[in-house]
Amino acid sequence: MTTIAKFLAVNIDCAEPRRLAEFYAAVFGYEIQYVDDMYAAVGDGTMTLYFQANPDREPAAWPGPGKQFHLDVRVPDLDGAVADYLALGATRPEFQPGEGKWVVLADPEGHLFCVCPTRD
């Protein structure tokens, strides 16, 4: 029998852990659980995002083969959420697949995430 694991967290390499912790705390409504120059954490008691300092990390080109992962988020108001996240420091890449069904954004350090509307 295989040992069943419980999902703990996602770790994201970045140049400025504090900056990304503040960004994602605002996006998800999470509390900042820990922050220093090398490491930060945000979460809601169930899900946690960790940010680990890696000053040499470079964002993957989009579109391109270097992207290794991205986050998907669901929101009740797609246009309003995109405007909010852009105001927090996200950017909107020119390439947008999905024919308007979702919006691809990049966080302040270039990690991609898709903003998807709630399902009807």
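Residues numbered from 1 in each chain as written. Predicted model: local features only at pLDDT ≥ 70, side-chain atom pairs only at ≥ 80, totals over all residues. Heavy atoms only, no water.

Undergrad: Outline the packing of aromatic side chains, supporting the account with residue identities and numerical values.
TA: A full pass over the atoms with the stated rule returns nine aromatic pairs. One aromatic cluster is present, built from ring pairs that chain together Phe 23, Tyr 24, Phe 28, Tyr 30, Phe 51, Tyr 85 and Phe 113. (Phe/Tyr/Trp six-rings, centres within 6.5 Å; stacked < 30°, edge-to-face > 60°.)

Undergrad: Which residues make up the sheet that holds strand β5 (residues 71-75), and what values do they have?
TA: Reading across the sheet, the three strands line up as β5-β7-β6 and stay open at both edges, with mixed pairing between neighbours. This sheet does not close on itself; its edge strands, each paired only once, are β5 and β6 (103-106). Between one strand axis and the next, the sheet turns through 30° on average, direction left out of account. Pairing between β5 and strand β7 (residues 112-117): five bridges, direction parallel. Considered in β7, the bridge of Asp 72 is made with Cys 114. This element, helix α2 (residues 78-87), spans β5, β6 and β7 of the sheet and lies at about 150° to β7. (Pairing = 2+ DSSP bridges. Helix = DSSP H or I, 4+ residues; strand = E, 2+ residues; numbered from the N terminus. Axes fitted to C-alpha atoms, helices over the stretch in contact; angles between N-to-C directions. Contact = heavy atoms within 4.5 Å.)

Undergrad: Describe the side chain of Thr 48, with residues and values.
TA: Among the secondary structure elements, Thr 48 is positioned in strand β4 (residues 48-53). When its relative accessible area of 9% is taken as the criterion, Thr 48 is described as buried. Once residues within four sequence positions are removed from consideration, Thr 48 is found in contact with Leu 8, Ala 9, Val 10, Gln 33, Ala 41, Val 42 and Gly 43. (Buried < 20%, exposed > 50% of the residue type's maximum accessible area, 1.4 Å probe, protein only.)

Undergrad: A description of the sheet that holds strand β1 (residues 10-14) should follow, citing residues and the corresponding values.
TA: Sheet architecture is open: four strands sit in the order β1-β4-β3-β2, paired in mixed fashion. Two strands lie at the open edges of the sheet, namely β1 and β2 (31-35), each paired on one side alone. Direction aside, the axes of adjacent strands within the sheet are offset by 20° on average. Looking at chain direction, strand β3 (residues 39-43) and β4 are connected through five bridges and run antiparallel. Residue pairing across strands places Ala 41 opposite Tyr 50, the latter belonging to β4. Together, β1, β2, β3 and β4 form the strand contacts of helix α1 (residues 17-28), whose direction differs from that of β4 by roughly 160°.

Undergrad: Describe in detail the layout of surface pockets, supporting the description with residues and values.
TA: What the largest pocket holds in volume is close to 260 Å³. Lining of the largest pocket is provided by 14 residues; of these, Arg 57, Gly 66, Gln 68, Phe 69 and His 111 occupy positions nearest its centre. For the lining of the largest pocket, the element with the most residues is β1, which contributes three residues. (1 Å grid on protein atoms, 1.4 Å probe; cavity = no way out; pocket = protein on both sides within 12 Å on 5 of 7 lines; lining within 4 Å. Points joined across faces, edges and corners; volume = space filled by probe spheres on them.)

Undergrad: Got a sec to walk through the pairing of β7? Specific residues and values, please.
TA: Within a regular strand, the side chains alternate between the two sheet faces. Of all six residues that make up β7, five are buried, and the element is covered over most of its length. Relative to β7, β6 runs antiparallel, the two being bridged by four bridges. What sits directly across from Ala 106, in β7, is Leu 112. Counted along the chain from β6 to the antiparallel partner β7, the turn is five residues long, and its residue Gly 110 has a positive phi close to 95°.

Undergrad: Mind laying out the nonpolar core, listing which residues take part and the relevant values?
TA: Membership of the largest hydrophobic core comes to 25 residues, with the highest contact counts inside it found for Tyr 24, Val 42, Phe 51, Tyr 85, Leu 105, Phe 113 and Val 115. Going through the elements one at a time, β1, α1, β3, β4, β5, α2, β6 and β7 are the ones with two or more residues in this core. Sort the elements by how many residues they give to this core and α1 lands first, with six residues. Excluding anything up to four places from it in sequence, Val 42 contacts Ala 21, Tyr 24, Ala 25, Tyr 30, Glu 31, Ile 32, Gln 33, Met 47, Thr 48, Leu 49 and Phe 51. Listed in part, the five residues of the second largest apolar core include Val 104, Ala 106, Cys 114 and Cys 116. (Core = buried A, V, L, I, M, F, W, Y, C linked by side-chain atoms within 4.5 Å.)

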